[in-house]
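Given next are the chains, with one letter for each unit.
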Amino acid sequence: QPGTVIEWQQGNNQVLTLSPDDHPRLWVYDNWSGNPNQSSIYREDGESESKEQRLIKRVKNADIAVRQAEVQVKQLKGDLQNVTMQVAA
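Residues numbered from 1 in each chain as written. Predicted model: local features only at pLDDT ≥ 70, side-chain atom pairs only at ≥ 80, totals over all residues. Heavy atoms only, no water.

1. Description of the overall build of the protein chain
Using the following cut-off: The way it works is that DSSP assigns letters per residue, a run of H or I at least four long becomes a helix, a run of E at least two long becomes a strand, and they are numbered from the N terminus. A simple rule labels every residue: compare its accessible area, found with a 1.4 Å probe on the protein chains alone, to the largest value its type can have, and call it buried under 20%, exposed over 50%, or partly exposed in between. Areas reported as accessible are Shrake-Rupley estimates using a 1.4 Å probe. Residue values count occlusion only from the protein chains shown.
Within the protein chain, the regular secondary structure consists of one helix and three strands. In the protein chain, the succession of helices and strands from N to C terminus is β-β-β-α. Looking at the protein chain as a whole, 13% of its 89 residues are labelled buried. Accessible surface for the protein chain amounts to roughly 7800 Å². Of this, 56% is attributable to carbon and sulfur atoms.

In structure tokens:
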């Protein structure tokens, strides 16, 4: 089945985070030595980053999204309380 990992190959196996921002193309250069300094990811605009940088950026962006969602939930909770009070009046 395509997209299904049957087994890990021997040696250095690493995970690469992907996101919708990688569209339309993402080039990956890997080195079989396992040295992370010799592995790079290139975006279509030529920007280069390591797998670690990608993961850190992904986590930071997720943290930002959570904080924004928390603010929005607080605002919606306040709006709901106001509307509930208006309906009760």
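2. A few points about the side chain of Arg54
To keep things clear, this is the line we draw: By definition in these notes, contact holds between two residues if any of their heavy atoms fall within 4.5 Å.
Looking at the secondary structure, you find Arg54 in helix α1 (residues 51-88). Look at Arg54 and you get buried, because its relative accessible area is 6%. Apart from the residues lying within four places of it in its own chain, the contact partners of Arg54 are Leu16, Thr17, Leu18, Ser19, Asp22, Leu26, Ile41, Arg43 and Glu49.

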